[in-house]
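Observations on the three-dimensional arrangement
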Amino acid sequence: MSSHNKDLQKLTAAGLLISLGIIYGDIGTSPLYVFKAIIGEGNAISEAVVLGGVSLIFWTLTLQTTIKYVIITLQADNKGEGGIFSLFSLVRRRAKWLIIPAIVGGCALLADGIITPPITISSAIEGLHTIYPAVPTMYVVIAIILGLFFIQQFGTSLVGKAFGPIMFLWFSMMGVLGIGFIVQMPGIIKALNPYYAYDLLVSHDLHAAFGVLGAVFLCTTGAEALYSDLGHCGRSNIRISWIFVKTCLILNYLGQAVWLLQHQGQVLDLNKLNPFYQIMPSWFLIFGIGIATVAAVIASQALISGSYTLIAEAVRLNLWPKVKINYPSEQKGQLYVPSINWIMCAGCIGVVCLFRESAKMEAAYGLSITVAMLMTTILVSKFLKRRKVPSYLINLFLVIYLLVEGIFLSGNLGKFVDGGWFTLSIGALLFGVMWSWHTARRIRNRYVKFVEIEDYYDVLKELSDDETVPKYASQLVYLTSANFNSEIESKIIYSILQKQPKRADVYWLVHVDVMDEPYTRDYEVDFLVPNKLIRIDFKLGFRVEQQINLLFRKVVEDLVKKGEVDITSKYKSLNQRKIVGDFRFVVIEKVLSRSHSLSLYERIIMAVHTQLKKVSISEERGFGLDLSFVTVEKVPLMLTDPEKVVINRVI
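Computed from a predicted structure; not experimentally measured. (Residues numbered from 1 in each chain as written. Predicted model: local features only at pLDDT ≥ 70, side-chain atom pairs only at ≥ 80, totals over all residues. Heavy atoms only, no water.)

1. Some words on the overall build of the chain
What counts, and what does not: In this description a helix means any DSSP run of H or I spanning at least four residues, a strand means any run of E spanning at least two, and both kinds are numbered starting from the N terminus. Accessibility here uses a 1.4 Å probe with only protein chains present; expressed as a share of the type maximum, an area under 20% marks a residue as buried, one over 50% as exposed, and anything in between as partly exposed. For this analysis, residues touch if any pair of their heavy atoms sits within 4.5 Å. For every accessible area listed, the method is Shrake-Rupley and the probe measures 1.4 Å; residues are considered covered only by the protein chains on display. In this tally, Asp and Glu contribute negative charge and Lys and Arg positive charge; neither His nor the terminal groups of the chain are included. Positions of charges follow a simple convention, taking NZ of Lys, CZ of Arg, CG of Asp or CD of Glu.
Summing up its helical and strand segments, the chain has 28 helices and 8 strands in all. Principal axes of the C-alpha set define a box for the chain whose edges measure 95 × 65 × 55 Å. A buried classification covers 55% of the 651 residues belonging to the chain. For the chain, the proportion of contacts with a sequence separation of at least 24, taken over those separated by at least 6, is 83%. By element, 61% of the accessible surface of the chain is carried by carbon and sulfur atoms, the whole surface being about 28200 Å². Charge separation in the chain, taken as the distance between the mean sites of 61 positive and 51 negative side-chain charges, equals 1 Å.

2. Details of a positive patch on the surface
Heads up, the condition is: What makes a patch is a set of residues exposed beyond 30% relative accessible area and free of salt bridges, joined within 9 Å when like-charged and within 5 Å when nonpolar (Val, Leu, Ile, Met, Phe, Trp, Tyr). Any Lys or Arg side-chain nitrogen located within 4 Å of an Asp or Glu carboxyl oxygen qualifies as a salt bridge.
A grouping of R94, K385, R386, R387 and K388 is seen on the molecular surface, where their side chains present a positively charged patch. Assignment of secondary structure puts R94 in the loop between α6 (84–91) and α7 (99–125).

3. Topic: the environment of N445
Relative to the helices and strands, N445 is located in helix α22 (residues 416–446). Residue classification places N445 among the partly exposed residues on the basis of a relative accessible area of 40%. C-alpha separation for the pair N445 and S481, spaced 36 residues apart in sequence, amounts to 9.1 Å.

4. Things to note about the side chain of D505
What counts, and what does not: Polar contact is defined as a pair of N or O atoms within 3.5 Å, subject to the rule that within protein one atom must be able to donate a hydrogen and the other to accept it, and that residues adjacent in sequence are counted only when both atoms are side-chain atoms.
As for its position among the elements, D505 is in strand β4 (residues 503–515). Only 2.8 Å separates the side chain of D505 from the side chain of K471, close enough to count as a polar contact. Beyond its immediate sequence surroundings of up to four residues, D505 is in contact with S464, K471, A473, S474, N531, K532 and K570.

5. Observations concerning the pairing of β4
Here is the rule we go by: Strands were regarded as paired on the criterion that DSSP finds at least two bridges between them.
Within β4, 10 of the 13 residues are buried, which leaves it mostly tucked inside the rest of the structure. In this sheet, β4 lies alongside strand β2 (residues 471–479) in parallel orientation, the contact comprising 7 bridges. For L476, the partnering residue across the bridge sits in β4 and is Y507. Direction of pairing for β4 relative to strand β6 (residues 533–541): parallel, over a ladder of 9 bridges. Residue pairing across strands places M515 opposite G541, the latter belonging to β6.

6. Description of the nonpolar core
For clarity, the threshold we go by: In these notes, a set of buried Ala, Val, Leu, Ile, Met, Phe, Trp, Tyr and Cys residues joined through side-chain atoms within 4.5 Å is what counts as a nonpolar core.
One finds Y24, F35, W170, F171 and W320 to be the most contacted residues of the largest nonpolar core, which totals 162 residues. For this core, the element with the most residues is helix α17 (residues 285–316), which contributes 14 residues. Counting 25 residues, the second largest nonpolar core, distinct from the first, contains V477, V510, F552 and F583.

7. So, the pattern of salt bridges
What the rule picks out here adds up to 15 salt bridges. Here E405 makes a salt bridge to K68, at a shortest N to O gap of 2.7 Å. On the criterion of sequence distance, the pair formed by E405 in helix α21 (residues 391–413) and K68 in helix α5 (residues 47–72) is long-range, its members being 337 residues apart. Given a relative accessible area of 0%, E405 falls into the buried group.

8. Points about the packing of aromatic side chains
Filter applied, for reference: Centres within 6.5 Å are what make two rings of Phe, Tyr or Trp a pair, Trp counting through its six-membered ring; a difference in plane orientation under 30 degrees is then read as stacked, over 60 as edge-to-face, and the rest as tilted. We call a charge positioned over a ring when the NZ of a Lys or the CZ of an Arg lies within 6 Å of the ring centre and within 35 degrees of the ring normal.
Enumeration over the complete set of coordinates arrives at 23 aromatic pairs. Consider the rings of F171 and F244, whose centres lie 6.3 Å apart with planes at 75°: the pair is edge-to-face. One end of the pair, F171, is in helix α10 (residues 163–182); the other, F244, is in helix α15 (residues 235–261), with 73 residues separating them in the sequence. With a relative accessible area of 0%, F171 lands in the buried category. Clustering of aromatic rings is evident, with ring pairs tying together Y24, F168, F171, W242 and F244. Residue placement shows K246 over the ring face of F58; its charged tip is 4.9 Å from the ring centre. The ring of F629 has R553 sitting right over it, with the charged end atom 5.9 Å from the ring centre.

9. What about unusual backbone geometry?
Residues other than glycine seldom take positive phi values, yet R356 does so here, at roughly 70°. Mapped onto the elements, R356 comes out in the loop between α18 (338–355) and α19 (358–361).

10. Here's the deal with the side chain of E620
With respect to the helices, strands and loops of the structure, E620 is situated in helix α28 (residues 619–622). No salt bridge is formed by the buried E620; the nearest opposite charge belongs to R621, separated by 6.2 Å. One polar contact links E620 to S618, side chain to side chain, over a distance of 3.2 Å.

11. Quick look at the packing of α6 against α7
We count it as follows: Fitted lines through C-alpha atoms serve as axes, helices being fitted only where they are in contact, and the angles separating the N-to-C directions of these axes extend from 0 to 180 degrees. Working rule for angles: under 35 degrees goes down as roughly parallel, over 145 as roughly antiparallel, 65 to 115 as roughly perpendicular, anything else as oblique. Classes in brief: Ala, Val, Leu, Ile, Met, Phe, Trp, Tyr, Cys and Pro nonpolar; Asp, Glu, Lys and Arg charged; the others, Gly included, polar.
Axis separation between α6 and α7 bottoms out at 9 Å; the angle between their running directions is 175°. On the basis of their axis angle, the class for α6 and α7 is roughly antiparallel. Residues I84, F85 and F88 of α6 form the contact with α7, whose participating residues are I99, P101, A102, G105, G106 and L109. When its residues are assigned to classes, the contact of α6 with α7 shows 7 nonpolar, 2 polar and no charged.

12. Some details on α5
Selection criterion: A helix's residues, less one, multiplied by 1.5 Å, set its expected span. The quantity called bend is, for any residue, the angle between two axes fitted respectively to the seven residues ending at it and the seven beginning at it.
The terminal C-alpha atoms of α5 lie 35 Å apart, and with 26 residues this matches the ideal 38 Å at 1.5 Å per residue to within 8%. Its axis deflected by about 35° at T66, α5 carries its strongest bend there. Buried residues dominate α5, accounting for 20 of its 26 residues.

13. Let's talk about the confidence of the model for the chain
Note the threshold: The predictor reports its confidence for every residue as pLDDT, a score running from 0 up to 100.
In the predicted model, the chain carries a mean pLDDT of 88, and the fraction of residues at 70 or more is 95%. Confidence drops under pLDDT 50 across residues 1–6; counting only partners more than four residues distant or on other chains, this segment forms 12 contacts.

14. Observations concerning the packing of helix α8 (residues 137–150) against α18
Look at α8 against α18: their axes get within 10 Å of each other, and the N-to-C directions meet at 175°. Considering their axes alone, α8 and α18 lie roughly antiparallel with respect to each other. Residues M138, V141, I142, I145, L146, F149 and F150 of α8 pack against N341, W342, M344, C345, C348, I349, V352 and C353 of α18. Looking at side-chain class alone, the contact of α8 with α18 contains 14 nonpolar, 1 polar and no charged residues.

15. Some details on a nonpolar patch on the surface
Together, L63, I67, I71, Y392, L393, L396 and I400 line one region of the surface with nonpolar side chains, adding up to about 610 Å² of accessible area. Breaking the nonpolar patch down by element, the ones donating at least two residues are α5 and α21. No other element matches α21, which puts 4 residues into the nonpolar patch. With respect to the secondary-structure elements, L396 resides in helix α21.

Below is the structure:
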């Protein structure tokens, strides 16, 4: 574990403050809309629903957030890092099918990133209706979303320092406001009794009970962020800060429950009389709306940043097309993915235009995150098995959480027609992209032919010394996908020996292994033919930027310093002056030439992959190569061996 990650594991005041600013935006802004959703539109406020609602909220936060995520899932850190792809990297060697829950979970989280900013910001801004009933909040929300996505390209490290103190103020405000109403009805504490949750569910018909559960689930949607941002904050800081956060959340929910009970039997328009804002003193309202809006923006920022990280990891795990990734600041882990930024921006604005107000967005919210939580449950069970936790405990964990999350999924599926279709459609589209990219790579690899490199040692050495062949480059570098140093793609040999013979002083083979650990930066050097054929294996973590050009040059510099390789130009005039020879990279792009031997399913996958490749960046750009020193060669993937072709000569 790096010193950076060791520092994060320490419990510090700064770490606690960072945790508040990064992790709890989503779950911390849920009191803006949860009780609105539980009571529903046009329903009279009843004691059973209010008390049962608080009880369900408390026990959902306890079971889902506290026990599953804070206590159990945070144990599954990958060298200090968290998140569904980090978890997948820990367990992927246990079973090939685990790629499915990893992809489904990742897509569900990305879909959640499109619905969360609109509902959170809308819920905050709609508080203005309390003061100015006619204000067009939709346009204000769109303006804030546009501004939020626009500033991403400049990085958020400067304003990010204020996130922790602002969220501390937000949670403290919620706790104090809740206490202000709890003292008016101290007996409300009884609502924490699980009996009221049970009573509410059994006293309603099945459809209504599932509807209530779908609404209650909104209180824990941000739980996945606790695990995703483990690397930024550290386990100890998350666990301690959660005590403060949960306390403030429960106090606020109890305060809202008191206000609702004070209006028992009435039918209120909770979109205009949001319980969250009704427990604020009238003089404080405008300040409360301001703080709520800033908290909503911080919650959205955390989800947007998390989406960038998710896509960057997916690219390095070959689950997403290569896209441009920028690093707008020196802060570790901060990145910006332009394509995803503007796709999410368009998606968020689309949500606002489609649903127009937060009450209607609630129907679309929660379904995708339930799916993500179910996938995390499956992967965590495999992690527990890896840690040799007794089978009966793993089975107990699986039964409890598959049951609980399955019930919540059923509750959220009831909202499918009203809006759940939107996030599921987004998730399905993203799954199609990830699955096609991953499967197409497997299909292509099936047809890559490897040969024993030892068989070509002599001819490569002879070609290098053959002055009758024009020199192609002093140092010729090929990227190879061969996992073993005894093998090489036949296409590389074909490129060197037959497709315009390429004479060079030294041939280099560069291989990149994406490691299960997040920040590994290791390399191995193998001198296959001293001073003629050298292989370098880079072992890079799935969160390390693959700047092969820079890494390769650094390795060569180290080898030159140690006297292990001579890269001085062999041209007499340049050699006398000790001038370094030129380097050229050759990237071989495998083109699908004939696909008749593929099944219909595989042909569809390859067709989708071809279209995705058109909008993704090239291999050479993806590996950070200097394009002025790169040659791209297209070679066909022969899907039918020539020996299998039968033809008769007649004359």
